[in-house]
Amino acid sequence: MMIVALFNYLLSFLIAHWNTESFAKDDFIYGQFPSYFRWGIGTSSYQIEGAWNLDGKGENVWDNFTHTSPSPIKDSSTGDIACDSYHKYEEDAKLVKSIGVDFYRFSISWSRILPLGTKEKVNQAGIDYYNNLINSLLHHEVSPVISIHHWDLPQPLQDIGGWVNEDLIEHFGDFARILYQNFGDRVKQWFTFNEAWVICVMGYGDGIFAPGIKEISETPYKCIHTILKAHARAYRIYDEEFKSQQKGQVGITIDSGWLEPSDPNNPEDIEASERALQFKFGMFASPIVFGKYPDIVRKRVDERSKQEGRSTSRLPSFDKYWTDYIKGSYDIIGLNHYSSYLVTPASSDPGPGWYGDQDTATSQDPSWPETGSTWLRPVPWGFRKVLNWIKNTYNNPPLIVTENGYSDLPNVVLNDYGRIEYYKGYINNLLKAVIVDGCNVRGYSAWSLMDNFEWASGYTERFGLHNRERIPKESVKFLKNVFRSNGFRRPNLPWDRQSKEQCDIAA
Ligand SMILES: *[C@@H]1O[C@H](CO)[C@@H](O)[C@H](O)[C@H]1NC(C)=O
């Protein structure tokens, strides 16, 4: 067995390197992922569950936000019913199975487990729901992977200030402990937070996401600071109380596009690209890997705060205790990645806050194809670049791609060839990152299982491999084949016929 494995490894290495000599950044390569590689599909609680007020569930910030009048949501919709996954979890588990994945990444509605947000009141119906879902998945031989928090904070915790109140560190730790206690015998991979940048900058800075707070200068930094501590708390609780028995992993999911220098030969654009990456991915990765905010972020926010006449920096600092507590608080890092942006120094200063502090302006190349989301244009080679940047900046940490996906153009129903093209390009660049560049990526999860409530865009942007009636789109066949083949097998052998056909769909 060892010799066969070694031979296969050498063969894929040779094929990959033989290809590299000639391939340009957009070229397609054949090859397979390492045998340990795992494939998955993802969703989140508020986006699919519905049943917002059933069986003892409490109100959360997204319930509150979507029920506000006038509605802050593009089509005035809500997640009250969404995909009704609260009632249809068995169908969901079958759907997940039908794609041929190894794992299903979903999140837990905090208010369904703890209606008031705190451990004093546990809702057994909520525990039952997730037990049923987990058991259905295991019945289909799909591993559950859990995001502990995907944006739907209990409203009573928002009422005491939300993520700027450091009491939430302990409340989050209590919530995580209850999940480990109830589900940890069967769940071996946990991600504490999903895209905390979105919570803090879009929710507490721009105010276009729940809880709708528009305080860009300082509040997002306070929110990030509390969330990093809460993440570390949940990581340490697992490490100290559960890991030796349950033997699972805990990480955090960080979102980042690739930020390409507008002019790759201009040193100012190269510096702007690095600053933008540090303000985005680095805000979270640097504390958990190195125990501090990125140097460039520290320097710029401190200097600007002083110029504004403040006695303290708008960016808080970790004391010795928290530095040690946060540093190293990960077994694995999750990356959510969708698109790329061109970066150059800003031409004007929008003022104090996450945007102004970094002195960057971003845009997208109009020649990149459009999708159903204004912020998302397919740039497959950007995926390989961001994976290499993470490898080089953080000493090649173990990584899982926790989200990657495409939203349909408005006229597309089930014939989603744009999505097939997207996945073909992105997964192929992931393959290059893994087998050519040596990036330590252990798995990949596509987004999303089905069309669902896309936050402030309501149901107008559709990321699903299935529609909301759970009918598969064309892309399911393509991804299923990639997952089963563990990559892209050469089509010139007779038994690879199907693989070739599937690749030709996308060609
Ligand atoms: C949102 O929450 C606040 C504070 O708990 C409450 O006063 C308000 O009525 C809620 N709004 C809606 C629309 O549920």
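Refer to the structure printed above.
Residues numbered from 1 in each chain as written. Predicted model: local features only at pLDDT ≥ 70, side-chain atom pairs only at ≥ 80, totals over all residues. Heavy atoms only, no water.

**Some points on the site of the ligand**
1) Next: Close contacts around the ligand come from E59, N64, H67, Q155 and D159, and that covers them all.
2) Next: Here an oxygen atom of the ligand and a side-chain polar atom of E59 are 3.1 Å apart.
3) Next: At 2.9 Å, a side-chain N or O of D159 approaches an oxygen atom of the ligand.
4) Next: Alone, the ligand offers 360 Å² of accessible surface; in the complex the protein occludes 47% of this.
5) Next: When the residues that make up the shell around the ligand are grouped by side-chain class, the tally is no nonpolar, three polar and two charged. (Near = heavy atom within 4 Å. Polar contact = N/O pair within 3.5 Å; in protein donor to acceptor, adjacent residues only side chain to side chain. Areas by Shrake-Rupley, 256 points an atom, 1.4 Å probe, with all protein chains shown as cover. Nonpolar A, V, L, I, M, F, W, Y, C, P; charged D, E, K, R; others polar.)

**Re the pattern of salt bridges**
1) Next: Summed over the entire model, instances satisfying the criterion amount to 32 salt bridges.
2) Next: Here the salt bridges share partners, and the residues they tie into one network are E218, R304, E308, R310, R314, D349 and D357. (Salt bridge = Lys/Arg side-chain N within 4 Å of Asp/Glu carboxyl O.)

**Remarks on the pairing of strand β9 (residues 340-344)**
1) Next: Of all five residues in β9, four are buried; the element is thus mostly enclosed.
2) Next: With four bridges connecting them, strand β7 (residues 258-261) and β9 associate as parallel partners. Paired with P261 across the bridge in β9 is V343.
3) Next: Across three bridges, the pairing between β9 and strand β10 (residues 361-363) is antiparallel. Along β10, the bridge assignment pairs V343 with T362. (Buried < 20%, exposed > 50% of the residue type's maximum accessible area, 1.4 Å probe, protein only. Helix = DSSP H or I, 4+ residues; strand = E, 2+ residues; numbered from the N terminus. Pairing = 2+ DSSP bridges.)

**Focus: the sheet that holds β9**
1) Next: If you trace the three strands from one edge of the open sheet to the other, you get β7-β9-β10, paired in mixed fashion. Two strands bound the open sheet, and with one partner strand each, they are β7 and β10. Direction aside, the axes of adjacent strands within the sheet are offset by 40° on average.
2) Next: Packing against the sheet, helix α11 (residues 267-290) makes contact with β7 and β9, and its axis sits at approximately 165° to β7.
3) Next: Each of β7 and β9 touches helix α15 (residues 380-393); the most contacted strand, β7, lies at about 95° to it. (Axes fitted to C-alpha atoms, helices over the stretch in contact; angles between N-to-C directions. Contact = heavy atoms within 4.5 Å.)

**A word on the packing of aromatic side chains**
1) Next: According to the stated counting rule, one finds 52 aromatic pairs in the structure shown.
2) Next: With a centroid separation of 6.1 Å and 35° between ring planes, the pair formed by Y46 and W62 is classed as tilted. Taken as a pair, Y46 in helix α2 (residues 45-48) and W62 in helix α3 (residues 61-66) lie far apart in primary sequence, 16 residues in all. Accessibility assignment for this pair places Y46 and W62 in one class, buried.
3) Next: Relative to F193, the ring of F172 has its centre 4.4 Å away and its plane inclined at 25°; by these criteria the two rings are stacked. Of the two residues, F172 sits in helix α8 (residues 167-183) while F193 sits in strand β5 (residues 189-194), which places them 21 residues apart along the sequence.
4) Next: By relative accessible area, F193 is classed as buried at 0%.
5) Next: Through a chain of ring-to-ring contacts, the aromatic side chains of Y46, W62, F65, W151, F209, F453, W455 and Y459 assemble into a single cluster.
6) Next: Positioned above the aromatic ring of Y325, the side-chain terminus of R236 is 5.7 Å from the ring centre.
7) Next: Sitting above the plane of the W197 ring, K280 keeps its charged end 4.0 Å from the centroid. (Phe/Tyr/Trp six-rings, centres within 6.5 Å; stacked < 30°, edge-to-face > 60°. Lys NZ or Arg CZ within 6 Å of the ring centre and 35° of its normal.)

Honestly, that's just the spatial picture; any functional story needs more than this.
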